[in-house]
Structures are given as C-alpha cells and as structure tokens.
Amino acid sequence: MVGDNGELSPRTYIPDLSPSAEVHKDHFIVCGLGSLGQQIILNLTKFSFDSFEVQIAGIDRAPVTEWEVENLPDMLSQVPIVGDCRRDHVLQEAGIEQCRAILIVTSDESTNVQTAIAVRRLNPQVHIIVRSSRHGLNQLLNRQLGRFVALDATELPAMTFALAGLEDNTLSVFNIDTFQFRVVERQITARDPQYCNMPVHRLHRQQVRLLNLKPFSNPHQPIGWATTASSMFHRWQPHVRVQAGDQVAYVEVKTLTHSQIEHMPTRSGPWSKLRQGIGDVIDGEWRRRLWGFWHSANQQSLRRVVAIALTTALVLWTTGTLLLYFNIPTISFTKAIVLGAILILGGYGDVFGGFEDSGAQGWVLLTCLLIATVSLLMVIGVLGLLADQLLSSRFEFLQRRPKVPKKNHVIVVGLGRVGKRVVRILQDLRQPLVAITHHLDSPALRNQIPLLEGPMLQQLQEAHLSTARSVIAVTDDPVLNLEVALLAAEALENEKRPFTPVIRTLSQLFSDNIKAFLPQARSFSVYALSAEAFAGAAFGENILGLFRLNQQTILITEYAIEYGDTLNGKPLAEIAYGYGVVPILLRQRQPSKQYQDYPMPSDDLRVHLGDKLYVLSSINGLRRIERGEMTPPRQWLLEVDSPLNPTMLSEAGSLLAKLSNVQLDKCRQLMKTLPNTLQLSLYDYQAHRLMQELKRCVPIRLSPLK
C-alpha cells in the first residue's frame, strides 16, 4: 500500500484469529543470563501471541547486575533463579518437569554438558539445546541423549562477518547435501536483460527464487500488496516489473559434482617452488619469514635455553680468565682472556700443555677442568636441543609459506574460533586474505594462509592496509576490534574508494552505538545474531545457518515432517505464502526409504510424513509455522467459457485441480457444464500461475472478489 506521504509502507498481514478460550502454554528454561541468554529470552517472547503463551524461567549462578534489554526481567514468568543449573533442586524450581525445551547457554561448556545430562535424567522428553563447540562430543551426546541440539554461538554468524567484508553482493553461501545455495543482493542496471523490465513472477525460475525487491520508485500494485504473511518475501504483485535502479535479493542453486565436494588443493611442482624461493629473495620476504620463525611459539623454549647458555658461558669465561691471570704470574691479562675462551670451548689440553709443567697449583687445574667439562656439556645440550627443534618443526623456515597479498585482499584480525571460521569461508570463496594474530595456537596455519604474528595494531601496516579491500576485526576484545576499525578508517580517510570495516562485538547495544558514530562500518553482535537460531531450535527445528537481509536475520531451517506437524499434507504454495517463508529444497521420502530431491520446488508439490523441507525464514516465520497461524488466501471468481476444442476439457479439469487445491471430481464436473463459474481461495502467485496455465486450454477470466 501507499502511505499518506506517498511512500511505500508494506505491512505483514496477520490473519484475524478469533481469541480462543483455551490458552496454550509452552514453558522454557534458559540457563545462563549473559548476553546470549538475554537475547534468547527476547526472541522467545516473539512466539507469544493471543492464545499461545510462552513462559520463560531464567537461571544464573550469580545475580544479574546489568540487563542489556530494558524490562527483560518482566518477560520472565518468575524472578530469575540464582543457583547452579546442574543441581536438581534448581532445575525443579525452574519447572523442568513441565518444560518443553531448555536452553543451556552458560559460558562454561563443561557446565553446559553436565547440565544437559542432569536434565535428561529429570525429564526424558524435554528438548535440550546446548551451547557447545565440541563437535565430536555433540554428536555422541545427540545419539545418547536424544532430542538434543548443540549450537556454537561464535561460529554461527561467521558467514555474516566474512561476506560483510567482501562487499560483493553475496549475502550467504551454504551447502545442503549435494546442493550449493548462494544468496545475492544487487542493484539492477539498464544493461541487465535478465532482470531489467522483467515482471516479478519471471524471477521465480527453475534455479532461482526472488527474496526481496527494493524499488527505486513506487511501482504500480494492481490490487494492493500480494497476500503473504511475510513483510519481505512474496509481497510484490506478480505483474510488477523490475526497473533500473531497483535492488533485488535472490537465492540461486547449483548441484555440486563429486569432484567439487571432494576438492583438495594440488601440491605445487618443484619449478614453482623454485620460482617462489627466488621471488622471496628478491622482494625481501625471507626477512619476514626468518623473523616469524624466530618469534614463533615453538621457539620460545629454545630462546630461553640459548639465553641461559650464553649467560653461563660468560660467567665461566670471566671466572677462568681471572683464575688464570691471578694464579699464573707469567701471562698477561690479554693472554688470560684468550686462554679463558679456549678453556670454555673444551681446549683444556691446549691451555696446560699436556705433560709439561704449567706451574699452576693443583686446585687451579681441577677448577679449570671443571669449567671445561661444564662448558662442553652445555654446548652438547644446546646443539642437541637445536637439532630436536629443527627436526620436530620439519625445517619450518625452509617450507614454503604463503606471501602477504599486496592489494585487493581482506585483513582478518584475530584467529579465535570466529576468526578461523571466517578465514575458511574466505578461502572457499577464493578471496585473497592475510590474518593477524598476537598468539597462534595452530602452527599448521603458517603454511596454509598468509599470516602476521605480533602486536595487532603494529602489524596492520605490514598487511598493506592502504590497498586492502576490507578489515574484519573478530578478536574476543570488542574494544580492540573497534580500535582496529578506527585505525583502518583513519588510514584510508583520503582514499577515494569504499571501505567497510567489519567489527565483532558482544553486545547489541554496543553495535548500535558504533553504527551511530561510524556509519561506514558494519558491526555485529555474535550473540544477537545467534540468539534467533537458538530460539528457533527451542521449538524443535534444525537451524543450519543464518544471514542478514533487509535488516532482518534470516534462518536456514530444516523441517522433518512428523505426526501432528502443521506442515503435514499441505502444498508448498500454502506453506510459502501462508506462513511467509521460502522453500528452497524438498526431499520427499520414497517407499525405498531413499529421498527424491526437488531444489527450488514447485508450488503444487505437497509435503508428506517423513519428508524433509528446507526453508528460508525469519524468526516470525518460524513462529507462524509453530502455531499454525496461516494468512488466509484471497478470494477469486473463476469464469470459464466453452472452448473451441472440447478435447482440452479433461486436461483443463486436471490442471485446475492441481493448481487450485480443489477436488478433481468437482473440477471435471465444472468443465462438463460450461460456461460456468467457481469461487477459489488462492494466493496471488497461485492465481497468476493458474491464469497462465489454464488459459491455454479454455477461455477464462479470473478476478478478485472484494
């Protein structure tokens, strides 16, 4: 619709549900009321509406002194419980017996696992969602406990951080089995024949689905906004045309071959290694490698031993020099220094001349022998340790290490769990990068990615900041991330090119404040992004990933169709438009227990028991599916006239039944009594497709009823 000011003001259409006398209550428990726990509570409350009441109990080891969301304690059904969530009496006080799902999201993964085991003992049916990064243990617990989901709050948003730094219109890339999906948002130009001046319904293709349209100017909507539950998906009338300047977002799919799935990088030949070595000598790369090798974590113990050995040698040299000078009067001080050096290098016989009488007293000879023995053992020990370090590191200095890119690269600051995941994503996208870390806990990364070690702020210039494409600051310290972004923005202030630093924070409030004074930066709170995935998982759904689109978090969700499921038996048209989601893959279970895959499935396909459906949805879409709250379709009047070729009537009846959800017998009876009319309940995209398909068989008119 068009608002009073002439601007578009789309609204989510909520069906008019009559309030029910019976209130359905779902009870949830959140263990850990830190930033992640508070954001989860905020998202769980979005599922509470009319006759569906969500009750939430919170547990934390210590009283919460700082709430990130105003009035968050009022969203809880009881006062936050202070205690150890591993204890039975604490869980029972929170209502574990009547709990539908418990979300265990403390910062201690050991506590989370112990709590999950205790919860399963107290309630065998409760759904358990745990914050954990131990993937191997998570799989074992899933098999042993059942109804168990583990999510990593730090790795879930890694794709968002990586793609925000690229600024190449890609919002997400994810794989489901043998299919790779890519979400793209870009602006349409007049020289883009695939999209420019195309009606919206033509953008729903075999391998592509339109997700969102931001028009440059207000397009004409013939009968208002399309019938859909979403404020973003499917809201444009099928006839609206995309114009130059409009911004579209779509998801596309391609099937991966076996070689792409099992892709492994090939080893370089000897000639390429030789060229790499010559290039390192010419551009001075060997200096950085030598410096990095010496300051690497593996060399810390060697440096300490060498320092101790040099200090000991200096003490022995000084002792021997003074001992010889004051006890052998025939030598000068200079000769005593030289003889002391020879002595600590194991030259005892050279100093005292074998069987010849040196004139030294017996205790002097014994002391000098002790000095020579100690120095010799010390030299042997240092050489042995050095050989061991060289062999254990496999001559790391001589190994080929990736060079730091000189332009159009991404700088990743911080190699924690988020940083490593961001690096892997950028490598998969073949984006040149360099990582900066103060301490590296995975030495193997030195030979896999360009890497700079040391004080992060000092290493930025070594990473060729002036020619970098972007900086992604994802350390565990949000203040350091902000400092990196500010330093990068200031260094490139005079550059006439777009530069978008990406900042990781731990608080949504901090992210909002950063956006206010540093608008060119993109700041994300890992917990605010992950919280929606945790909230969706609390209702039994499998959240595969997430991304940001149009200021909303979109969840990649898997539904396994079971008895009593609100999706069971429904055509995809009703699921897509009624619930406001985008089906991207339907896996229909066959009698042989194998699956038939339908990427970007057609609207007329139905979902049955045992099938798997993958959709893109906001948290509100998950809420509507959970409650079975479907936006009703528009009412249409279908007028059918007699065709010139009566042989097409049978096909027309079958086609009408397939696309309109009307019984086949009724459709065939209609075709036998033409001309005739039929009132239909269809969503706008269903009506458009019915019009296009059916008019090929019989003359029809389809008009909306007021």
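Structural data are supplied above this passage.
Residues numbered from 1 in each chain as written. Predicted model: local features only at pLDDT ≥ 70, side-chain atom pairs only at ≥ 80, totals over all residues. Heavy atoms only, no water.

1. Focus on the sheet that holds strand β10 (residues 247-255)
So, step 1. Overall, antiparallel pairing links the four strands, which are arranged β7-β8-β10-β9 in an open sheet. If you trace the sheet from one side to the other, it starts and ends with β7 (170-176) and β9 (208-214), each paired once. Between one strand and the next, the sheet's axes are offset by a mean angle of 15°, whatever the strand orientation.
So, step 2. Strand direction decides the pairing type here: strand β8 (residues 179-187) and β10, joined by nine bridges, are antiparallel. When the bridges of β10 are listed, Arg 186 appears paired with Val 248. (Pairing = 2+ DSSP bridges. Helix = DSSP H or I, 4+ residues; strand = E, 2+ residues; numbered from the N terminus. Axes fitted to C-alpha atoms, helices over the stretch in contact; angles between N-to-C directions.)

2. Some thoughts on the nonpolar core
So, step 1. Counting residues in each nonpolar core, the largest one holds 74 residues, and the members touching the most others are Leu 44 and Phe 534.
So, step 2. For this core, the element with the highest residue contribution is helix α17 (residues 526-537), accounting for eight residues.
So, step 3. Among all residues touching Leu 44, those that are not within four sequence positions of it are Phe 28, Val 30, Val 54, Ile 56, Leu 103, Ala 535, Ala 538 and Phe 539. (Core = buried A, V, L, I, M, F, W, Y, C linked by side-chain atoms within 4.5 Å. Buried < 20%, exposed > 50% of the residue type's maximum accessible area, 1.4 Å probe, protein only. Contact = heavy atoms within 4.5 Å.)

3. So, helix α3 (residues 109-122)
So, step 1. Over its 14 residues, α3 extends 20 Å from the first C-alpha to the last, a length consistent with the 20 Å expected when each residue adds 1.5 Å.
So, step 2. Listing the buried residues of α3 in full gives Glu 109, Thr 111, Asn 112, Val 113, Thr 115, Ala 116, Ala 118, Val 119 and Arg 120.
So, step 3. On its buried face, α3 sits against α2 (88-93), β4 (101-104), β5 (127-131), α4 (135-145), β6 (148-151) and α13 (417-428).
So, step 4. With a side-chain oxygen positioned 3.1 Å from the backbone nitrogen of Ser 110, the residue opening α3 is Asp 108. (Expected span 1.5 Å × (residues − 1). Polar contact = N/O pair within 3.5 Å; in protein donor to acceptor, adjacent residues only side chain to side chain.)

4. Examining a nonpolar patch on the surface
So, step 1. Taken together, Leu 314, Trp 317, Leu 322, Tyr 325, Phe 326, Phe 333 and Ile 337 make up a surface patch of nonpolar side chains, about 670 Å² in accessible area.
So, step 2. Mapped by element, the contributors of at least two residues to the nonpolar patch are α9 (300-327) and α10 (333-344).
So, step 3. Here the nonpolar patch takes five residues from α9, the largest share from any one element.
So, step 4. Structurally, Phe 326 can be placed in helix α9. (Patch = residues over 30% accessible without salt bridge, like charges linked within 9 Å, V, L, I, M, F, W, Y side chains within 5 Å. Areas by Shrake-Rupley, 256 points an atom, 1.4 Å probe, with all protein chains shown as cover. Salt bridge = Lys/Arg side-chain N within 4 Å of Asp/Glu carboxyl O.)

5. Quick notes on the packing of aromatic side chains
A ring pair, where both rings are aromatic, is described by two values, the distance of the centres and the angle of the planes.
So, step 1. According to the stated counting rule, one finds five aromatic pairs in the structure shown.
So, step 2. With 5.4 Å between their ring centres and 15° between their planes, Phe 174 and Phe 181 make a pair best called stacked. Assigned by exposure class, Phe 174 and Phe 181 land together as buried.
So, step 3. Relative to Tyr 250, the ring of Tyr 195 lies with its centre 5.4 Å away and its plane at 25°, an arrangement referred to as stacked. Highlighted residues: Tyr 195 in the loop between β8 and β9 and Tyr 250 in strand β10, separated in sequence by 55 residues.
So, step 4. You can call Tyr 250 buried: its relative accessible area is 7%.
So, step 5. Members of the aromatic cluster, each reached through a chain of ring pairs, are Tyr 577, Tyr 683 and Tyr 685.
So, step 6. A cation over a ring is seen here: Arg 205 above Tyr 195, with NZ or CZ 5.0 Å from the ring centre. (Phe/Tyr/Trp six-rings, centres within 6.5 Å; stacked < 30°, edge-to-face > 60°. Lys NZ or Arg CZ within 6 Å of the ring centre and 35° of its normal.)

6. Comments concerning the packing of helix α20 (residues 649-660) against helix α21 (residues 664-672)
So, step 1. Across the interface, α20 lies against α21 with an axial gap of 8 Å and an inter-helix angle of 140°. Regarding the angle of α20 to α21, the classification is oblique. You can see that α20 and α21 cross each other, and the crossing is right-handed. Residues Leu 649, Ala 652, Gly 653, Ser 654, Leu 656 and Ala 657 of α20 form the contact with α21, whose participating residues are Leu 664, Cys 667, Arg 668, Leu 670 and Met 671.
So, step 2. Its residues assigned to classes, the contact of α20 with α21 shows eight nonpolar, two polar and one charged. (Parallel < 35°, antiparallel > 145°, perpendicular 65-115°, else oblique. Left-handed = near helix turned anticlockwise from the far one by under 90°. Nonpolar A, V, L, I, M, F, W, Y, C, P; charged D, E, K, R; others polar.)

7. A closer look at unusual backbone geometry
So, step 1. A cis amide bond links Leu 674 with the next residue in sequence, Pro 675, at an omega value of -5°.
So, step 2. Despite not being glycine, Asn 408 shows a phi value in the positive range, around 55°.
So, step 3. A residue is classified by how much of its surface remains accessible, and Asn 408, at 46% relative accessible area, is partly exposed.

8. Quick look at the sheet that holds strand β19 (residues 582-589)
So, step 1. Strand order in the open sheet formed by five strands is β17-β18-β21-β19-β20, and the pairing between neighbours is antiparallel. Because the sheet does not close on itself, it has two edges, and the strands there are β17 (542-549) and β20 (595-599). Strand-to-strand, the axes of this sheet are offset by a mean angle of 15°, without reference to chain direction.

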